[in-house]
2 protein chains.
Amino acid sequence: MADPKTRILNAARDIFLEGGADSVTMRAVAERVGVTATALYRHFENKEALVRAVMSSGFETFGGYLHRALRGRTPMERLRLSGQAYLDFALEQPELYRTIFMTPWRGVETKMDPQWNATFQFLVDRVRECIAAGELKKGEPADVAVTIWAHVHGLVSLYLVGACNFTEKTFRSAYRQSVDRLFEGLTK
Amino acid sequence: MADPKTRILNAARDIFLEGGADSVTMRAVAERVGVTATALYRHFENKEALVRAVMSSGFETFGGYLHRALRGRTPMERLRLSGQAYLDFALEQPELYRTIFMTPWRGVETKMDPQWNATFQFLVDRVRECIAAGELKKGEPADVAVTIWAHVHGLVSLYLVGACNFTEKTFRSAYRQSVDRLFEGLTK
DNA sequence: GTCTATAGGTGGATAGAC
DNA sequence: GTCTATCCACCTATAGAC
């Protein structure tokens, strides 16, 4: 924690989580660390580099959530846990979720593309093994994965944008119900 | 068109559609109209009022798209056309779609709430008449409506955020395919 | 590594003349 | 209704002393 660069990164991440991307300014980050804004430039080339570092660490956080799903013992349980992890991440880290999944990526995309692909690939793998096990209808795993991802993302993002006047608890139940409805069509 | 207020509103809307909400500044709008920034304050109390007017007109545009769906002759056709209209709006007015459906509404919500509710109610009505006609499984219309809305919104917003490397054409086909998959579970 | 001083930019908003 | 002049707030970033 003595490492100045780490302290800056953590401060930037905290500010980001509290107030969104716009509230991350060199001044604000510096103030929280307890230095002046110019000091930051010793550790990050410019603001964009700092924000990129914050996002990258956020993506790793997301990856950690997803990874838990691999504890499941059967393909279907791993798929179900993936949906659970996705929901948990969205509700526990809404600002991160918003930035990763609800904001157009201008300029930064090349840097983040591998992480995006890895995420999607994870879901495709979960779907593929369910199809192989005969638990899901036959079909192109990537297509089915898009359907599932879009569905859970749609639910989550409508909730986060404030479209439904749900409390978190009622939303969790609506989420489960809606995903179940989708799976009625996907299973048989 | 002689009406200065209308000219200002149109200029603001154009700038908004071209560059998103952030690019709407009093200076930029004034320049396009051909006046100075201070002149705008004769017609709009402040920037927020101007942006609110832009959003409100955007919502009416969306309403126009949806309204076309009522031309359908059967409940199911009206529901199908609603999905079509939603997709058309998203692809033809992406900046508007992003703002209405993908941006958290801080402060402005009270003003827009009625329009939000009207939109959701429209979909609930389409679902209800399909259930009544026996075309959709029995269930709470509002719940089913959320499922459908979330699904199409999820597809559209993943596309708009750049998550899938689809062209518009391949996306339209993926959209149709995914919605069909959902309806396999909803119909029977 | 961090500071002070400072340059240079964008944006919202008001006062008062015309 | 529109202008000029102006203020204020806030931002990124650099130069050079310590």
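It should be noted that the structure appears before, not after, this text.
Caption draft 1: A look at the relation of the copies chain B and chain A. Superposition of chain B onto chain A requires a rotation of 180 degrees combined with a translation of 0.0 Å along the rotation axis, giving an RMSD of 0.1 Å. The transformation relating the two chain copies, once decomposed into turn and shift, fits a two-fold axis. Taken as a fraction of all interface residues of chain B, those also at the interface in chain A reach 97%, which identifies the copy contact as same-surface.

Caption draft 2: Quick look at the pattern of salt bridges. All names here are of chain A. In total, this model carries 20 salt bridges over all chains according to the counting rule given. Among the ionic pairs, R32 bridges to E18, the shortest N-O distance being 3.0 Å. Of the two residues, R32 sits in helix 2 (residues 26-33) while E18 sits in helix 1 (residues 4-19), which places them 14 residues apart along the sequence. By relative accessible area, which is 57% here, E18 ends up exposed.

Caption draft 3: Quick look at the packing of helix 8 (residues 141-161) of chain A against helix 8 (residues 168-187) of chain B. Packing of helix 8 of chain A against helix 8 of chain B brings their axes to within 10 Å, and their N-to-C directions diverge by 75 degrees. When the interaxial angle is binned, helix 8 of chain A and helix 8 of chain B end up roughly perpendicular. Contacts from D143, V144, T147 and H151 of chain A in helix 8 of chain A reach Q177, S178, R181 and L182 of chain B in helix 8 of chain B. Taken together, the residues of the contact of helix 8 of chain A with helix 8 of chain B break down into two nonpolar, four polar and two charged.

Caption draft 4: Region of the structure containing the protein's contact with DNA strand D. Around DNA strand D, the structure places 13 residues, and the nearest of them are R27 and T38 of chain A together with T36, R42 and H43 of chain B. One nitrogen or oxygen atom from the main chain of T36 of chain B is found 2.6 Å from a phosphate oxygen belonging to DNA strand D. Tallied by class, the residues present in the surface near DNA strand D amount to four nonpolar, six polar and three charged.

Caption draft 5: Summary view of the packing of aromatic side chains. Inspection of the entire model under this criterion finds 32 aromatic pairs over all chains. Ring geometry for Y159 of chain A against F171 of chain A: centres 4.2 Å apart, planes inclined by 5 degrees, an arrangement best described as stacked. Within this pair, whereas Y159 of chain A is found in helix 8, its partner F171 of chain A is found in helix 9 (residues 168-187), the two being separated by 12 residues in sequence. Chaining the aromatic ring pairs together yields one cluster made of F59, F62, Y65, Y86, F89, Y97, F101, W116, F120 and W149 of chain A. In this structure, K5 of chain B packs its charged tip against the face of F44 of chain B, placed 5.0 Å from the ring centre. The ring of F122 of chain B carries R126 of chain B above its face, with NZ or CZ at 4.8 Å from the centroid.

Caption draft 6: Structural context of helix 1 (residues 4-19) of chain B. Residue and element names in this part refer to chain B. The terminal C-alpha atoms of helix 1, which comprises 16 residues, lie 23 Å apart, in line with the 22 Å expected from a rise of 1.5 Å per residue. All of the buried residues along helix 1 are I8, N10, A11, A12, I15 and F16. Where the residues of helix 1 are buried, they touch helix 2 (26-33), helix 3 (47-67) and helix 5 (94-102). Phi for G20, located one or two positions after helix 1, is positive at around 85 degrees.

Caption draft 7: How the structure looks around the protein's contact with DNA strand C. The full set close to DNA strand C counts 14 residues, and T36 and H43 of chain A together with R27, T38 and K47 of chain B are the nearest of them. Of all atoms in DNA strand C that approach within 4 Å of the protein, 46% are sugar or phosphate atoms. Within the side chain of T38 of chain A, a nitrogen or oxygen atom sits 3.3 Å from a base oxygen of DNA strand C. A distance of 2.9 Å is found between a phosphate oxygen of DNA strand C and a side-chain nitrogen or oxygen belonging to K47 of chain B. The set of elements that each furnish at least two residues to the surface near DNA strand C consists of helix 3 (37-40) of chain A together with helix 2 of chain B. Of the residues in the surface near DNA strand C, the class split is five nonpolar, six polar and three charged.

Caption draft 8: Structural context of the nonpolar core. With 118 residues, the main nonpolar core has V29 and F101 of chain A together with V29 and F101 of chain B as its most contacted residues. The contact partners of F101 of chain A, leaving out residues within four places of it in the chain, are F62, Y86, F89, W116, W149 and H153 of chain A together with V161 of chain B.

Here is what the cut-offs are and how they apply
- Residues numbered from 1 in each chain as written.
- Chains lettered and ligands numbered in written order.
- Predicted model: local features only at pLDDT ≥ 70, side-chain atom pairs only at ≥ 80, totals over all residues.
- Heavy atoms only, no water.
- Least-squares fit on C-alpha atoms with pLDDT ≥ 70 in both.
- Contact = heavy atoms within 4.5 Å.
- Salt bridge = Lys/Arg side-chain N within 4 Å of Asp/Glu carboxyl O.
- Helix = DSSP H or I, 4+ residues; strand = E, 2+ residues; numbered from the N terminus.
- Buried < 20%, exposed > 50% of the residue type's maximum accessible area, 1.4 Å probe, protein only.
- Axes fitted to C-alpha atoms, helices over the stretch in contact; angles between N-to-C directions.
- Parallel < 35°, antiparallel > 145°, perpendicular 65-115°, else oblique.
- Nonpolar A, V, L, I, M, F, W, Y, C, P; charged D, E, K, R; others polar.
- Near = heavy atom within 4 Å.
- Polar contact = N/O pair within 3.5 Å; in protein donor to acceptor, adjacent residues only side chain to side chain.
- Phe/Tyr/Trp six-rings, centres within 6.5 Å; stacked < 30°, edge-to-face > 60°.
- Lys NZ or Arg CZ within 6 Å of the ring centre and 35° of its normal.
- Expected span 1.5 Å × (residues − 1).
- Core = buried A, V, L, I, M, F, W, Y, C linked by side-chain atoms within 4.5 Å.

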